[in-house]
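Residues per chain are reported as follows:
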Amino acid sequence: MDITVLEKSDAVKAAALFNRYAESELVYKKLSDSDFTAQFITDDANVIKINLAAKAEDGSLVGFANGCIKRGVDIGYITFILVDAPYRRQGIARKLLTELETALDLAAPLSKYQIMFSNPIALTWIVPGTPGHDHPNAPGIDVASDAYLFFKNNGYLDNVFQNSFYLPLANFQIKPDVQARIDALSQHALSICFYDPKKHFGMKELFDDLGSEDWKEIVLGNIAREDGGDPVIIAEHNGKAVGFTGPIYVQKSGRGYFAGIGVHSEYRKYGLGKALFSTLCQSLKNIGAGYMTLYTGETNPARYIYQAAGFKIVKTWSDMEKVIKK
């Protein structure tokens, strides 16, 4: 069995192998040949992509591994290891993983390998028991899969567990107790509304307080668009933005998109998180979203907000890592 760099000429075979198990043994969504090549193989200025192939004596492709590195980051990301069923339990997956780790470490100085949501190569997955409802990023290893034990047995340790939540929106309604809380906000000169640059201020200061550069870049970039951007829902206090969720829009799959949700540290005693989240769900339903998915850490208190709104846990993932000892 030879482990070699995947040639571009083998991309179609690798895509066929991936699709043979996608949406069945693997929860990942199937990919067209062009999408597979674009996601895993095509060069990216900010990402070093590494692809390895396992080939049998007759030259047939029986295994595939992908990993990557964000330029300027000392982490090697493992995207997945896949071996065709007739060739499993022969040490091929272990060999692919070892060779992939070596290739990543040679490409850049690394401190660790990770299987995590921050991998720039995101795997879209299908929510079990739904008519193709998907989520655009698998935030780790599916703990119900054989891959989970494989990585544990090869030196990868659990870092944090992530739960994926799902809610179909057809019957969603803001619960009476939450609506009462929203109505009572006016007693504190607070309200939940859509951001309007002519009426509201303090967005940059809000994101400085929240400490998320990703949210700041996404939301501030959105509201700076010439067309005004997609709607952003805020909690405001006398015109000052003190909480946010969004931007919101409906993805092609019917999924309601939002980048995040957060409340300024000085305003977390009014129940704004629950009020913002329920308003988010209702607003996405109003613009035609059929469902919502999201994920959060096992111990994140935000899970209670999601569950109170009717969301159910549909998948648990492990963020895993292996520290490189040199």
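Throughout this document, residue positions are counted from 1 along each chain, in the order its sequence is written. Under the rules for a predicted model, residues below a pLDDT of 70 receive no local features and side-chain atom pairs below 80 are neither given nor counted, while totals for whole chains, interfaces and linings still include all residues. As a convention, hydrogens and water are excluded, and side-chain values are obtained from all of the structure's heavy atoms.

**Student:** Explain the environment of Y21 to me, and be specific about the residues and the numbers.
**Tutor:** Strands here are runs of E lasting at least two residues and helices are runs of H or I lasting at least four, both read from the DSSP assignment and numbered beginning at the N terminus. Checked against the element boundaries, Y21 lands in helix α1 (residues 11–21). Once the C-alpha coordinates of Y21 and A85 are considered, the two residues, 64 residues apart in sequence, prove to be 9.4 Å apart. For this analysis, residues touch if any pair of their heavy atoms sits within 4.5 Å. If we ignore the near neighbours within four places in the chain, the residues touching Y21 are L26, L82, D84, A85, P86 and R88. Here the side chain of Y21 touches D84 through a polar contact of 2.4 Å, side chain to side chain. We define a polar contact as two N or O atoms separated by no more than 3.5 Å, with the added condition that, inside protein, one atom must be a possible hydrogen donor and the other a possible acceptor, whereas residues neighbouring each other in sequence contribute only through side-chain atom pairs.

**Student:** Describe the packing of aromatic side chains, with residues and values.
**Tutor:** Here a pair means two rings of Phe, Tyr or Trp (six-membered ring of Trp) with centres within 6.5 Å. Their orientation is stacked below 30 degrees between planes, edge-to-face above 60, and tilted elsewhere. Taken as a whole and judged by the stated rule, the model has 22 aromatic pairs. A centroid spacing of 5.5 Å and a plane angle of 45° characterise the contact between F36 and F64, whose relative ring orientation is tilted. In this pair, F36 is assigned in helix α2 (residues 33–40) and F64 in strand β3 (residues 61–70), connecting sequence segments 28 residues apart. In this structure F36 comes out as buried when scored by relative accessible area, which is 0%. For the exposure calls, accessible area comes from a 1.4 Å probe over protein chains only, and a residue counts as buried if that area is under 20% of its type's maximum, exposed if over 50%, partly exposed in between. Taking the relative accessible area as the measure of exposure, F64 reaches 1% and is therefore buried. In textbook terms, an aromatic cluster arises when at least three aromatic residues are bridged by ring pairs, as seen for F18, Y28, F36, F40, F64 and F80. Looking at R88, its charged tip hangs above the ring of Y21, at a distance of 4.8 Å from the centre. Charge over a ring is defined by NZ of Lys or CZ of Arg lying within 6 Å of the ring centre and within 35 degrees of the ring normal.

**Student:** Provide a residue-level description of the sheet that holds strand β15 (residues 260–263), including the pertinent values.
**Tutor:** Two strands qualify as a pair provided DSSP detects at least 2 bridges between them. The four strands are arranged β10-β11-β12-β15 in an open sheet whose pairing can be described as antiparallel. Each having just a single partner strand, β10 (190–194) and β15 make up the two edges of the open sheet. For this sheet, the mean inter-axis angle between neighbouring strands, taken without regard to orientation, is 25°. Taken together, the five bridges between strand β11 (residues 233–237) and strand β12 (residues 240–246) define a ladder with antiparallel strand orientation. Paired with E236 across the two strands is A241, which belongs to β12. Helix axes are fitted to C-alpha atoms over the stretch in contact, other axes to C-alpha atoms as well, and angles between N-to-C directions run from 0 to 180 degrees. Sitting on the sheet, helix α6 (residues 203–210) touches β11, β12 and β15, and the angle it makes with β12 is about 70°.

**Student:** Just give me the short version of the state of the cysteines, but keep the residues and values in it.
**Tutor:** Here a disulfide denotes one covalent bond, and it connects the sulfur atoms of two cysteines. The term disulfide is used for any two cysteine sulfur atoms that are within 2.5 Å. Applying the stated criterion across every chain yields a total of zero disulfides. No disulfide involves C281; its sulfur sits 18 Å from that of C193, the nearest cysteine.

**Student:** Hey, could you go over the pairing of β11 for me, with residue numbers and the actual values?
**Tutor:** Regular strands place their side chains on alternate faces of the sheet. Within β11, four of the five residues are buried, leaving the element largely enclosed by the surrounding structure. The pairing of β10 with β11 spans five bridges and is classified as antiparallel. Bridge pairing links L190 to H237 in β11.

**Student:** Report on the nonpolar core, specifying residues and quantitative values.
**Tutor:** In a soluble, globular protein the nonpolar side chains are often hidden away together inside. To qualify as a nonpolar core, a set must consist of buried Ala, Val, Leu, Ile, Met, Phe, Trp, Tyr and Cys residues joined through side-chain atoms within 4.5 Å. Formed by 32 residues in total, the largest nonpolar core has its most connected members in Y28, F36 and F40. Counting residues per element, the ones that place at least two in this core are α1, α2, β2 (47–55), β3 and β4 (75–83). The greatest single-element share of this core, amounting to six residues, is contributed by α1. Apart from the residues lying within four places of it in its own chain, the contact partners of Y28 are F18, A22, E23, L123, T124, W125 and A138. With 30 residues, the next largest nonpolar core counts I182, I192, V242 and F311 among its residues.

**Student:** Now, about the side chain of N163: what can you tell me, with residues and values included?
**Tutor:** Tracing the backbone through its elements, the reader meets N163 in strand β9 (residues 157–168). Side chain to side chain, N163 and E298 meet in a polar contact 2.7 Å long. Leave out the neighbours within four places in its chain, and N163 touches L294, Y295, T296, E298, R303, I313, K315 and T316.

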